[in-house]
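# A structural walkthrough
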Amino acid sequence: MIAFMGLFESKPLLATVLGRAFRCLVCDHAWFRPREVKLNSTGAELFGLAWANASALGLVCDECGYVHEFAGRNRPQLWNEKQGYPEGAE
Ligand SMILES: [Zn+2]
């Protein structure tokens with residue numbers, strides 16, 4: 001297991017991207033497990049992401065396991081079950 005900037009929790013988390021509720025692209029599930037994904041320098045250059053510090057945030061769908069990768073400046077925000085989505089995100 002990899003801790004991601006203190007965000008790691010044993011339970012899956014809700015995610016918002018640019019303030020909007022994010023759901024799995026495959027199965028529409030709302031719960032994800034965060035992972036830090038290392039991009040090798042070749043990949044980072046390939047995608048023009050050398051500025052992104054060669055790491056991405058991976059959100060692993062807790063239902064189907066699909067990994068969504070975010071390498072931009074606006075990283076997804078994560079919310080635990082107690083917090084729920086922020087107002088206006090659903
Ligand atoms: Zn899924």
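Let me begin by describing the structure that accompanies this report. (Residues numbered from 1 in each chain as written. Predicted model: local features only at pLDDT ≥ 70, side-chain atom pairs only at ≥ 80, totals over all residues.)

Before going further, it helps to examine the sheet that holds strand β3 (residues 32-38). Spatially, 3 strands are ordered β3-β4-β5 in an open sheet, and the strand pairing comes out antiparallel. Sheet topology places β3 and β5 (67-70) at the edges, where each strand pairs with a single neighbour. Across the sheet, the axes of successive neighbouring strands diverge by a mean angle of 30 degrees, strand direction being ignored. (Pairing = 2+ DSSP bridges. Helix = DSSP H or I, 4+ residues; strand = E, 2+ residues; numbered from the N terminus. Axes fitted to C-alpha atoms, helices over the stretch in contact; angles between N-to-C directions.)

With that settled, the discussion passes to the sheet that holds strand β1 (residues 14-17). Strand order in the open sheet made by the 3 strands is β2-β1-β6, with antiparallel pairing throughout. The sheet is open, and its two edges are formed by β2 (20-21) and β6 (77-79), each paired on a single side.

Okay, the nonpolar core next. Soluble globular proteins tend to pack their nonpolar side chains together in the buried interior. In terms of nonpolar packing, the biggest core is built from 12 residues, these being Leu13, Leu14, Ala15, Phe22, Cys24, Phe32, Ala56, Leu57, Leu59, Cys61, Ala71 and Leu78. The element best represented in this core is strand β4 (residues 55-61), accounting for 4 residues. Aside from chain neighbours lying at most four places away, what touches Ala56 is Val37, Leu39, Glu69, Phe70 and Ala71. (Core = buried A, V, L, I, M, F, W, Y, C linked by C-beta atoms within 7 Å. Buried ≥ 20, exposed ≤ 12 C-beta atoms within 10 Å, placed from the backbone. Contact = placed C-beta atoms within 7 Å.)

So, about the environment of Ala89. Examined against the element boundaries, Ala89 turns out to sit in the segment after β6. With 17 C-beta atoms counted inside 10 Å, the residue Ala89 sits in the partly exposed group. Expressed as a C-alpha distance, the spacing of Ala89 and Thr16, which sit 73 residues apart in the sequence, is 7.1 Å. Setting aside its immediate chain neighbours within four residues, Ala89 contacts Thr16, Gly19, Arg20 and Ala21.

The residue Val67 is located in strand β5 in this model. The partly exposed category is assigned to Val67, around which 13 C-beta atoms lie within 10 Å. Measuring from C-alpha to C-alpha, the distance between Val67 and Pro34 comes to 9.3 Å, with 33 residues separating the pair along the chain.

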